[in-house]
Amino acid sequence: MLIDINAYIGHWPFRQLRGNTLDALVERMNRFGVDQAVVANINGIFYKASDFGNRELHEAINANDEFRERIIPFAVMNPVLPWWERALEESHEQLGMKGIRLYPLYHKYDLTDSRCIELVEAARDRGMTVAIPQRMVDIRQRSWLDVSEELDYEDIAMLVREVPDAKYMMLDTRHRVNDEAREILEQADILFDTTRASGTPITGLNGASFPYLIDMFGPEKMAFGTGTPFIDYYSPFIRLYAFEEADEQTKEMIRSGNARRMLDMD
């Protein structure tokens, strides 16, 4: 079984995307042997009220029986919105969202903001996973309207320190991790996705690799991700082949086992 924990539908204001609908995503999944995908709606990042984007995703999924079986929806949440509690309740109880994704660089708050901590605690209490991308796109190519920063392991570790018993996904992982952040993340229930990692050792501070992440955190904290439609659908599978020499248990954990455990799918 193969589960992609990092996929999207929707529109990006600063670049044309291809294959950014559920029809196109499932067609790719069928072609490449992906059984299920965790999906959020890009539109929710940019709508003033992100809950409208979550409703769009819900409507798209419910338009097709196959989508309901294979798409695992995550809600885009913004703790700055005064009605985030109502939006979280709706996304979980009415829309069936299994987790949330946070975008502090786009919504202009710190991960240690008291409102963000309250949101993460509320998601934890509902059994929802909290996913945090380090970045959305390569910041070397950007519009002046787009953000020009990336999150580090240290940023996310500070949130984990505040809410250590939540479930986390760290997406589009890059950079090295310092000792303090490593100690915090080692103790966390967290998954690092394979979207931008490579199969070769790190040669500089701006890369991430499977050997580095596995050495730091172990295979039980790794999970397959594609980053589609921001990244072509071929590269993530090349990265996955870096594990061909691993034992079957390790490959199964990274392909689907770790994601299934975190999402309570077993």
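Residues numbered from 1 in each chain as written. Predicted model: local features only at pLDDT ≥ 70, side-chain atom pairs only at ≥ 80, totals over all residues. Heavy atoms only, no water.

Re the packing of helix α8 (residues 153–162) against helix α9 (residues 179–186)
Okay, step 1: Relative orientation of the contacting elements α8 and α9 amounts to 50°, with a least axis distance of 9 Å. The angle between α8 and α9 falls in the class oblique. Between α8 and α9 the crossing geometry is left-handed. On α9, the residues touching Y153, E154, A157, M158, V160 and R161 of α8 are E180, A181, I184 and L185.
Okay, step 2: Of the residues belonging to the contact of α8 with α9, the class tally is seven nonpolar, no polar and three charged. (Axes fitted to C-alpha atoms, helices over the stretch in contact; angles between N-to-C directions. Helix = DSSP H or I, 4+ residues; strand = E, 2+ residues; numbered from the N terminus. Parallel < 35°, antiparallel > 145°, perpendicular 65-115°, else oblique. Left-handed = near helix turned anticlockwise from the far one by under 90°. Contact = heavy atoms within 4.5 Å. Nonpolar A, V, L, I, M, F, W, Y, C, P; charged D, E, K, R; others polar.)

Side note on the environment of T194
Okay, step 1: Mapped onto the elements of the fold, T194 is located in the loop between β7 (189–193) and α10 (210–217).
Okay, step 2: The spacing of T194 and M170 is 24 residues in sequence and 9.9 Å in space, taken between C-alpha atoms.
Okay, step 3: Within polar-contact distance, the side chain of T194 engages the backbone nitrogen of G225 at 3.1 Å. (Polar contact = N/O pair within 3.5 Å; in protein donor to acceptor, adjacent residues only side chain to side chain.)

Overview of the sheet that holds β7
Okay, step 1: Taken in spatial order, the eight strands make up an open sheet running β1-β2-β3-β4-β5-β6-β7-β8, and their pairing is parallel. On the outer flanks of this sheet lie β1 (3–9) and β8 (222–223), each paired with one strand and no other.
Okay, step 2: Looking at chain direction, β1 and strand β2 (residues 36–41) are connected through five bridges and run parallel. In the sheet register, D4 faces β2, and the bridge partner there is A37.
Okay, step 3: Running over the sheet, helix α12 (residues 248–262) touches β1, β5 (129–133), β6 (167–171), β7 and β8 and is turned about 145° from β7. (Pairing = 2+ DSSP bridges.)

Regarding the nonpolar core
Okay, step 1: Among the nonpolar cores identified, the biggest contains 77 residues, and I100, L102 and Y168 are the most heavily contacted of them.
Okay, step 2: A per-element tally of this core places α8 first, with six residues.
Okay, step 3: Ignoring sequence-local partners within four residues, the contact set of L102 consists of M77, Y109, L111, C116, L119, V120, V130, A131, I132 and P133.
Okay, step 4: Within the second largest apolar cluster, 13 residues are counted, among which are I5, I72, L191 and L263. (Core = buried A, V, L, I, M, F, W, Y, C linked by side-chain atoms within 4.5 Å. Buried < 20%, exposed > 50% of the residue type's maximum accessible area, 1.4 Å probe, protein only.)

A look at the side chain of T228
Okay, step 1: Assignment of secondary structure puts T228 in the loop between β8 and α11 (235–240).
Okay, step 2: Within the structure, T228 has its side chain in polar contact with the side chain of R28 (distance 2.9 Å).
Okay, step 3: Ignoring any residue separated from it by four or fewer positions in sequence, one finds T228 in contact with D4, N6, A7, Y8, L25, R28 and Y233.

Considering the pairing of β5
Okay, step 1: Of all five residues that make up β5, five are buried, and the element is covered over most of its length.
Okay, step 2: Of the two faces of β5, the one lined by T129, A131 and P133 and the one lined by V130 and I132 are each fully buried.
Okay, step 3: Relative to β5, strand β4 (residues 99–102) runs parallel, the two being bridged by three bridges. Bridge assignment links G99 to a residue of β5, and that residue is T129.
Okay, step 4: In terms of strand pairing, β5 meets β6 through four bridges, oriented parallel. Directly across from V130, in β6, lies its bridge partner Y168.
Okay, step 5: In the classification by handedness, the crossover that spans β5, the intervening α8 and the parallel β6 is right-handed. (Right-handed = clockwise from strand over helix to strand, strands pointing away.)

Focus on helix α5 (residues 84–94)
Okay, step 1: Taken together, the buried positions of α5 are occupied by W84, A87, L88, E90 and S91. For α5, the angular spread of the buried residues around the axis is 160°, confining them to a single face. Residues of α5 that are exposed and point more than 90 degrees away from the buried face comprise E85, R86, E93 and Q94.
Okay, step 2: As for α5, its buried residues are in contact with α3 (50–61), β3 (71–77), β4 and α7 (114–125).
Okay, step 3: G96 lies just past α5 and shows a positive phi near 70°. (Arc of directions from axis to C-beta.)

A word on α7
Okay, step 1: Taking 1.5 Å per residue, 12 residues should reach 16 Å; α7 reaches 16 Å between its end C-alpha atoms and fits that length.
Okay, step 2: Two or three places before R115, at the start of α7, stands the capping residue D113, its side-chain oxygen 2.8 Å from that residue's backbone nitrogen.
Okay, step 3: Positive backbone phi, approximately 75°, marks G127, located one or two places after α7. (Expected span 1.5 Å × (residues − 1).)

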